[in-house]
Amino acid sequence: MPGRNQVFGAIGVAIVGAVAFLYTATHVSGPEFIDPADKNQVTLGQSIYTIHCAVCHGESLQGQENWRQRLPNGRLPAPPHDQTGHTWHHSDAMLVDMVKNGLVPGRTAPPDYESDMPAYRNILTDEDIVAVLAYIKSTWPAEVLQAQKQTTLRHQ
C-alpha cells in the first residue's frame, strides 16, 4: 500500500503533466525566426497565400480598402501584409498563432474583439503557415524585415 507522500507525489506529477499538456496545446511554438531566404518555401507560401489569403488580404498583399476604418458590423477590414500594414510589428510566434487560431480576444486581439479572420488550424499545417509567412516577409524591404526580426527575437 503506497504511503501518503507517494500518493501526494503522484498527484503532483499528474497535475504538473496536465498543466504542461494544456500549455503546449494552447501555445503555438514555431521556428526562432521565419527566414524568407528559402526560395522553395517562399514559392510554396505564395501558392498557399493565393488560395487561402488573397481573397481578403489582396493578391499584392495590399489588404482591403479603408482597412483602418470599422465596418458597419464594428469589425475592421483585412489589413495589408506588405510594409504599409502592421503585420511586421508582430513576432513570428504571434503571426503563426493568428493564422492558426484566428484573432483570439485577450491573446492575439484586444479583449472582446470580433474579427472575420478565420482559424486555419484544420486547413493548413504548421509548415504551410510558416511558408505563407516566409512569402509575406519576402516582399518586405530589408529594414522592415530587420525590425520584424528584432521584434520576434525580443518576444521569445
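Scroll up for the structure.
Residues numbered from 1 in each chain as written. Predicted model: local features only at pLDDT ≥ 70, side-chain atom pairs only at ≥ 80, totals over all residues. Heavy atoms only, no water.

(A) Summary view of the overall build of the protein chain. If you tally the helices and strands in the protein chain, you get six helices and zero strands. When the helices and strands of the protein chain are read in sequence order from the N terminus, they spell out α-α-α-α-α-α. Burial status across the protein chain gives 34% buried among its 156 residues. Counting contacts in the protein chain only where the partners sit at least 6 residues apart, residues at least 24 apart contribute 54% of the total. Surface summary for the protein chain: the accessible area is close to 9,800 Å², and the carbon and sulfur share equals 58%. (Helix = DSSP H or I, 4+ residues; strand = E, 2+ residues; numbered from the N terminus. Buried < 20%, exposed > 50% of the residue type's maximum accessible area, 1.4 Å probe, protein only. Contact = heavy atoms within 4.5 Å. Areas by Shrake-Rupley, 256 points an atom, 1.4 Å probe, with all protein chains shown as cover.)

(B) Looking closely at the packing of helix α4 (residues 92-101) against helix α5 (residues 126-138). At a closest axis distance of 10 Å, the pairing of α4 and α5 adopts a crossing angle of 120°. The orientation of α4 with respect to α5, classified from their angle, is oblique. In this structure, the crossing between α4 and α5 has a hand that is right-handed. Contacts between α4 and α5 involve Asp92, Leu95, Val96, Val99 and Lys100 from the former and Asp126, Ile129, Leu133 and Lys137 from the latter. When the residues that make up the contact of α4 with α5 are grouped by side-chain class, the tally is five nonpolar, no polar and four charged. (Axes fitted to C-alpha atoms, helices over the stretch in contact; angles between N-to-C directions. Parallel < 35°, antiparallel > 145°, perpendicular 65-115°, else oblique. Left-handed = near helix turned anticlockwise from the far one by under 90°. Nonpolar A, V, L, I, M, F, W, Y, C, P; charged D, E, K, R; others polar.)

(C) Quick look at the side chain of Thr108. You can see Thr108 is positioned in the loop between α4 and α5. A polar atom in the side chain of Thr108 sits 2.8 Å from the backbone nitrogen of Val104. Ignoring sequence-local partners within four residues, the contact set of Thr108 consists of Met94, Asp97, Met98, Gly102 and Leu103. (Polar contact = N/O pair within 3.5 Å; in protein donor to acceptor, adjacent residues only side chain to side chain.)

(D) Focus on the environment of His52. You can see His52 is positioned in helix α2 (residues 39-52). A residue is classified by how much of its surface remains accessible, and His52, at 26% relative accessible area, is partly exposed. Linking His52 and Tyr120, residues 68 residues apart in sequence, is a C-alpha distance of 9.1 Å.

(E) The arrangement of the packing of aromatic side chains in detail. The full count for this structure, using the stated rule, is one aromatic pair. Centre to centre, the rings of Tyr49 and Tyr135 are 5.5 Å apart; their planes meet at 55°, and the pair counts as tilted. Taken together, the residues span a long stretch of sequence, with Tyr49 in helix α2 and Tyr135 in helix α5 at a distance of 86 residues. Here the two residues Tyr49 and Tyr135 agree in accessibility, since each one is buried. When the ring centre of Phe33 is taken as origin, the NZ or CZ atom of Lys149, which lies over that ring, is 5.1 Å away. (Phe/Tyr/Trp six-rings, centres within 6.5 Å; stacked < 30°, edge-to-face > 60°. Lys NZ or Arg CZ within 6 Å of the ring centre and 35° of its normal.)

(F) Structural context of α5. Over its 13 residues, α5 extends 18 Å from the first C-alpha to the last, a length consistent with the 18 Å expected when each residue adds 1.5 Å. Most of α5 is tucked away, with ten of its 13 residues classed as buried. Those residues of α5 lying buried are Asp128, Ile129, Val130, Ala131, Val132, Leu133, Ala134, Tyr135, Ile136 and Lys137. On its buried face, α5 is in contact with α2, α4 and α6 (142-154). (Expected span 1.5 Å × (residues − 1).)

(G) The nonpolar core, seen in detail. Core analysis: the biggest nonpolar cluster contains 24 residues, and Ile34, Tyr49, Ile129, Val132, Leu133, Tyr135 and Ile136 have the highest contact counts within it. Every element with two or more residues in this core is listed here: α2, α4, α5 and α6. It is α5 that contributes the most residues to this core, seven residues altogether. If near-sequence neighbours (up to four positions away) are discounted, Leu133 is found in contact with Ile34, Leu95 and Val96. (Core = buried A, V, L, I, M, F, W, Y, C linked by side-chain atoms within 4.5 Å.)

Bear in mind that shape data such as this cannot, by itself, settle questions of function.
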